Each structure stands twice: as C-alpha cells, then as structure tokens.
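Descriptive analysis of the structure
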Amino acid sequence: MSSRASDRRPGDPARNPDWYERGLAHVWLPYAQMKTAAPPLPVVATEGSRIVLADGRVLIDGIASWWTACHGYNHPHIRAAVERQLATLPHVMFGGLAHEPALNLASRLAGLLPGDLDRVFFSESGSVAVEVALKMALQYWINRGIRTRRRFVAFTGGYHGDTAGAMAVSHAMHGELRAVLPGNDRVALPQDEASRAAFDRLLTQRGDEIAAIVVEPLVQGAGGMRFHPPDVLRHIRAAADRHGILLICDEIFTGFGRTGTLFACEQAGVVPDIMTLSKALTGGTLPLAATVARPNVFAAFWSDDPAHALMHGPTYMANALGCAAANASLDLFAQEPRLAQVRAISAALARGLAECRDLPSVTDVRVKGAIGAVELERIADLDALRRRFIAAGVFIRPFGSVVYLTPAFTIRDEELSCLMRAVCEVLSERAW
Ligand SMILES: Cc1ncc(COP(=O)(O)O)c(C=O)c1O
C-alpha cells in the first residue's frame, strides 16, 4: 500500500496542506501509473515564470503548464479582463445566444489566421477541437454526396489528443488502444526521398478514400519535440491538392508564437482547410479551443437541408470567460513584443543548451522558436530525473527520451539561464 501515489508525500507530510492530504486519495492523475507515480507537488500560487509550492519552495517553470502560459502566469491584463467578464457574464449557452467576447474573438482570429481561414467553431479542449475538425472533414464529403472518403492520413510520431477520434489519428501516447480504434493510415512524414515516395504512393493508391490529412505543422510536440522543415508541409499541401483531400493543421501546440511566427503554417506559406487551436489561445488561464474552417469547407454545410448541419455543440463552447481571456491574450500579442521575445529565447536556448551536445548520453540538441529539446539515448528513470530537477529548483518534465524547455515568452533572462544551467548540470551528473 505504501507505494500508492496517494500514500506517498512529495515532502514532509506535516507541511502539506489539509486539502492535499484529504483529496489526493480521490483524484486520478493524468498520464500516470497511479501505483508507482511520484505524487504531485502541492502548488499554492503562480506568478510570471514561478510556481510557489505549499512548503514555500519556488520553482522556475520550464514548461509553461503544458505550453499554455505564453505570457507567464497571472498576467494583469488577462486577469483584469477575466474579472470584468466574471462580473457581467461568466457564461451563457451558445445555442440560440451570442455574446461580445466570442464574436470579437472569432473576428479577430479570422483576421490573424493565414489565408481565408475565417469560420470559427469554439469548444473547450484541444482534443475536442480535433474531434470537431475530423467530423467537419467527414461530413464535408458526405454533404457533397461523396461517401467513399472516410479515412484519415496521419503521421508517425504525431499526437492530436486523448478522445477517441483524436487517438485514432495519433501515434504517440495511446499504445494498444490505437488498435481498437477505426482504421486510418499512418505514414512517416515525407521528409526524404523514401518517405516522400511512400506518402505519395499511399495517396495514389487510396486517395479517393481519404477525407483529410492531419498534421502538426513543423513540430510534433507530445511525440517527442521532433521538428520538420517547412517544405515537408508544402509537400503535404501540394499532395492534398493533387488528390482533392482536405488538410487539417493541428496548431494546438504550435499556435500563438511558439515556433517563431504567430502560426507555424506561415513559415511554409501553407493555408490548411481546417486548423485547430487551443493551449496558448487564452494565455494559459482558461480552457478554450477553436476549430477554424475556410469558406470552401463551410460552403459544404451551407444548405436548406437540416441534415447538412454540423451537429456538434459542447455545453461550455465559447465560454465567455475563456473568450475574454483569449481576447486579452491577443491584445498582448499586439501590444507587447512577443515574437521578438521568442526570437531572443530561441537564440538563448541555442547558446545555452549547446554544451549538452558533448554529454555522452545526448544524441541531439535542437531548438525551434521557444522550444529547446535535448534528446538522450534513453531515460531509464524518468521519475528520478524529474525529482532531480525539482531539487534543483526548476520545473522541467522530461518524457520519453527528451528533456525539453518551452518557457513563457516573458521569462526573464536570469530565469531562462537558470533553466538551461539546470538541464546541462543535471544531465552531466550521471546517466539517467
Ligand atoms: C498538437 C496537439 N493536439 C491536440 C492536443 C490535445 O489537447 P488537449 O490536451 O487540450 O485535449 C495536444 C495536447 O498536448 C497537442 O499537443
């Protein structure tokens, strides 16, 4: 019994708050083997790039809460916008009713997104945004009277979320569950001659069965922080066009500056037919997501036939607090030098992580935008490595064989230096 996550304490149990002691036995933690997982750290406050623990320790955050908190925690501009919204209209259903924060946000996104992506369907999590994108793509063909296009092509190493449809197009994370999900085609990203040939062959053989291709543009995040150059995306777009297939770009991780441009697709000059957004959409404050379609997709649903409607409507879609936070986050992108900050972080990461290259277990060090990744041959004891980072005063959460940094764009120079020093020093201590 003593090895259950709920029985083990991160520090001195006497210093853990009551709510922690009472509640831990009743929560089921994410991506965790509950029997052996290290217990979570009790957090009592966040500020900027700092996480304050119940026992008074302060950690510098290298992850920005799963890549969401791009402006740092508790940004006063977002907080004020959410507080104002809370006082007047925290939430109202989106069926039959509309409100200013959602409609403002939709029109602002349409103005910012590449090309003519201009019809926004709101939901409350990235996985649901992906479900909506898949559903849009399937029904696009049905509404057009084409009933053969029911499959998706997705890529090795890709990750699109944890709901059933999203799992069915993911490669990373879901293990055996993938096998019981509807059959789709998974191929290597067309990055070299052989993989391009395999990809092109698949489309030639099965092109008229494929509803859409789903890709994370430029970076496969949860699949291992793997980068690919913009011409891969251009190749995919061109192939999709040749075979009349829709292209879904999942910018849930890459959207809002993470790769150096507001959206990763911009670097390839590619406009997808459908794009998914979430994570940094609200600057890491509230759950909100969006699936955005181009007019060609929307047109297939515009009809006198009720059966042509998109039958989807999450209860909390377009939550007014979330939309207010997202509008405030977009203000910050307009008013503060976020992309310049990403460039500076990128240069610092390239310099600061370079020394890891010479460590015996390191196989690669790579940087794109505000993402720095150190790839190891393997990490045998992830928990021990995570604990070691915490002991070093930083919150860095390696997974698979990758230690990575995705800090807030507002992180201070000395905080970023501290994170990079921790990565280099901890990895040089021993083989993990
Ligand atoms: C590219 C991508 N798509 C989809 C998702 C799923 O988003 P959520 O966790 O909000 O459901 C993630 C989450 O990490 C992601 O990185």
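A quick note: this is a predicted structure, and the numbers were derived from the prediction, not measured. (Residues numbered from 1 in each chain as written. Predicted model: local features only at pLDDT ≥ 70, side-chain atom pairs only at ≥ 80, totals over all residues. Heavy atoms only, no water.)

1. Considerations on the sheet that holds strand β1 (residues 43–47)
- Across the sheet, 4 strands lie side by side as β1-β2-β3-β15; this open sheet has mixed pairing. Both edges of this open sheet fall to β1 and β15 (394–395), since each of them pairs with a single strand only.
- As judged from the 3 bridges shared by strand β2 (residues 50–53) and strand β3 (residues 58–61), these two strands associate in the antiparallel manner. If you follow I51 over to β3, its bridge partner there is L59. (Pairing = 2+ DSSP bridges. Helix = DSSP H or I, 4+ residues; strand = E, 2+ residues; numbered from the N terminus.)

2. Describing helix α5 (residues 126–143)
- The first and last C-alpha atoms of α5 sit 25 Å apart over 18 residues, in line with the 26 Å expected at 1.5 Å per residue.
- Within α5, 14 of the 18 residues are buried, leaving the element largely enclosed by the surrounding structure.
- Downstream of α5 by a residue or two, G145 has a phi angle that is positive, lying close to 80°. (Expected span 1.5 Å × (residues − 1). Buried < 20%, exposed > 50% of the residue type's maximum accessible area, 1.4 Å probe, protein only.)

3. Considerations on unusual backbone geometry
- Unlike most non-glycine residues, S65 shows phi in positive territory, near 50°.
- Here S65 is to be found in helix α2 (residues 64–67).
- The phi angle at W66 is positive, at roughly 50°, despite the residue not being glycine.
- Along the chain, W66 turns up in helix α2.

4. Re the side chain of H228
- Inspection of the secondary structure puts H228 in the loop between β9 (226–227) and α8 (230–242).
- Engagement of the side chain of H228 in a polar contact is seen with the backbone nitrogen of L218, the distance being 2.9 Å.
- Setting aside residues no more than four positions away along its own chain, H228 makes contact with L189, Q191, E216, P217, L218, V219 and K368. (Polar contact = N/O pair within 3.5 Å; in protein donor to acceptor, adjacent residues only side chain to side chain. Contact = heavy atoms within 4.5 Å.)

5. So, the pairing of strand β16 (residues 402–405)
- Taking every second residue as pointing to the same face, both faces of β16 are buried, with V402 and Y404 on one and V403 and L405 on the other.
- Relative to β16, strand β14 (residues 371–376) runs antiparallel, the two being bridged by 4 bridges. Within β16, the residue paired with V374 across the bridge is V403.

6. Description of the nonpolar core
- Core analysis: the largest hydrophobic core is formed by 104 residues, its most contacted members being L109, F122, I213, V374, V403 and V423.
- Other than its neighbours up to four places away in sequence, V403 contacts G372, A373, V374, L376, I379, L385, F389, I396, P398, V423 and L427.
- Counting 15 residues, the second-largest nonpolar core is a separate cluster that includes M225, F253, V402 and Y404. (Core = buried A, V, L, I, M, F, W, Y, C linked by side-chain atoms within 4.5 Å.)

7. Thoughts on the packing of helix α11 (residues 338–353) against helix α13 (residues 413–429)
- Contact geometry for α11 and α13: axes closest at 10 Å, N-to-C directions at 30°. Considering their axes alone, α11 and α13 lie roughly parallel with respect to each other. For α11 against α13, the interelement crossing comes out right-handed. Only L416, M420, V423 and C424 of α13 make contact with α11, whose side of the interface consists of I345, A348, L349, G352 and L353.
- Taken together, the residues that form the contact of α11 with α13 break down as 8 nonpolar, 1 polar and no charged. (Axes fitted to C-alpha atoms, helices over the stretch in contact; angles between N-to-C directions. Parallel < 35°, antiparallel > 145°, perpendicular 65-115°, else oblique. Left-handed = near helix turned anticlockwise from the far one by under 90°. Nonpolar A, V, L, I, M, F, W, Y, C, P; charged D, E, K, R; others polar.)

8. Overview of the sheet that holds strand β12 (residues 289–293)
- Across the sheet, 7 strands lie side by side as β4-β12-β11-β10-β7-β5-β6; this open sheet has mixed pairing. Either end of the sheet is taken by a strand with one partner, and the two such strands are β4 (119–123) and β6 (185–187). Strand after strand, the sheet turns through a mean of 20° between neighbouring axes, direction not considered.
- Two elements, strand β5 (residues 151–155) and β6, share 3 bridges in a ladder whose sense is parallel. Considered in β6, the bridge of A154 is made with R186.
- Of the strands in this sheet, β5, β6 and β7 (210–215) are in contact with helix α7 (residues 193–206), which crosses β5 at around 180°.
- Lying on the sheet, α8 is in contact with β5, β7 and β10 (246–250); it crosses β7 at an angle near 170°.

9. A look at the pattern of salt bridges
- Evaluation of the coordinates by the stated rule reveals 15 salt bridges.
- With a shortest N-O distance of 3.5 Å, R206 and D185 are connected by a salt bridge. Separated by 21 residues along the polypeptide, R206 in helix α7 and D185 in strand β6 bring together distant segments of the chain.
- Exposure remark for R206: the relative accessible area of 26% places this residue in the partly exposed category.
- D185 gets classed as buried once you look at its relative accessible area, which sits at 11%.
- Put simply, D364 and R366 hold a salt bridge, and the shortest N to O gap is 2.8 Å. (Salt bridge = Lys/Arg side-chain N within 4 Å of Asp/Glu carboxyl O.)

10. Brief notes about α13
- Across its 17 residues, α13 extends 24 Å between first and last C-alpha, which sits within 8% of the 24 Å expected from 1.5 Å per residue.
- Those residues of α13 not exposed but buried are E415, L416, L419, M420, A422, V423, C424, V426 and L427.

Taken by themselves, the reported measurements are silent on function.
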